[in-house]
Each structure stands twice: as structure tokens, then as C-alpha cells.
Amino acid sequence: MNIGQAAQASGLSSKAIRYYEDLGLVVPERDQNNDYRVYSSRDVEHLRFLHRARAVGLSLEECSELLAIYSDPGRRCARVKALVAEKITRVDQQLSLLVALRETLSGM
């Protein structure tokens, strides 16, 4: 799929996708005939992850590290578990804050 289709499928803008590509977070194939980007379903999966991860406040460095771990078939389980547990704790804390904010707003 092209960048417009990848943008629509991931919820990101084309500009954001190009930025993530510049950072090396997503590396689409290139069409040999015209050098256009060709995004695979795996690329779109990574873009969706980036969209969600950035929305909850993960840094680009954290996103990069998580994507690298996800893409590495030889990843070390203990390290992955520790890193993921840390991120889950952070997301759970954010969820608690959002629920509290929602309750406050509902009571207004």
C-alpha cells in the first residue's frame, strides 16, 4: 500500500509517517519502477503501535526500543518481560488518572 493508504490504516498523517521513517522506526520497501514507498501489513502494524504508544506518552526512544525488541527473534525474555512490565505499569497509571478525570468531568 502507498503512504496515503498507510496513513489511513494507521491513523497517522503522511507527514508523521515520513518522520518516523526518517528516524528509522519504519522502513518500507521501495517500488523498483518509481521508488515510491510500499508499506506492508507489518509496517502498518508498527505505525499503529507508534500512534498508540505516542498517544500515551511513550518517548520516541522507548518506541524504538520496543519495536527493536519486537522485531528481534533472538530477544532475551527476561529483559523483554521487565521492559514490558514497566510500560504496562505506566499505562495502568495513566488509565487510573484518566478514569479519575472522567469522573470529575462527569460530576461537573
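Below is a short write-up of the structure. (Residues numbered from 1 in each chain as written. Predicted model: local features only at pLDDT ≥ 70, side-chain atom pairs only at ≥ 80, totals over all residues. Heavy atoms only, no water.)

### Brief notes about the packing of helix α1 (residues 3-10) against helix α2 (residues 14-22)
One can describe the packing of α1 onto α2 by two numbers: an axis separation of 9 Å at closest approach and a directional angle of 100°. Classified by the angle between their axes, α1 and α2 sit roughly perpendicular to one another. Between α1 and α2, the contacting residues are Ile3, Gly4, Ala6, Ala7 and Ser10 on the first element and Ser14, Ile17 and Arg18 on the second. (Axes fitted to C-alpha atoms, helices over the stretch in contact; angles between N-to-C directions. Helix = DSSP H or I, 4+ residues; strand = E, 2+ residues; numbered from the N terminus. Parallel < 35°, antiparallel > 145°, perpendicular 65-115°, else oblique. Contact = heavy atoms within 4.5 Å.)

### Overview of the environment of arginine 54
Considering the arrangement of structural elements, one finds arginine 54 in helix α3 (residues 41-55). Its relative accessible area of 36% is what places arginine 54 among the partly exposed residues. When residues no more than four places from it in sequence are discounted, the contact partners of arginine 54 are Tyr20, Ser59, Leu60 and Cys63. Within the local environment of arginine 54, its side chain forms a polar contact with the backbone oxygen of leucine 58, the two atoms lying 2.7 Å apart. (Buried < 20%, exposed > 50% of the residue type's maximum accessible area, 1.4 Å probe, protein only. Polar contact = N/O pair within 3.5 Å; in protein donor to acceptor, adjacent residues only side chain to side chain.)

### What to know about the nonpolar core
Within the largest apolar cluster, 20 residues are counted, with the highest numbers of intra-cluster contacts made by Ala6, Ile17, Tyr20, Tyr39, Leu47 and Leu50. Those elements that provide at least two residues to this core are α1, α2, α3, α4 (60-71) and α5 (77-106). Discounting chain neighbours no more than four positions away, the residues touching leucine 47 are Ala6, Ser10, Leu12, Ile17, Tyr20, Val26 and Tyr39. (Core = buried A, V, L, I, M, F, W, Y, C linked by side-chain atoms within 4.5 Å.)

### Some words on unusual backbone geometry
Peptide bonds are mostly trans, and most non-glycine residues show a negative phi. Positive phi, close to 65°, is recorded for aspartate 35, a residue that is not glycine. Note on placement: aspartate 35 falls in the loop between β1 (29-30) and β2 (37-38).

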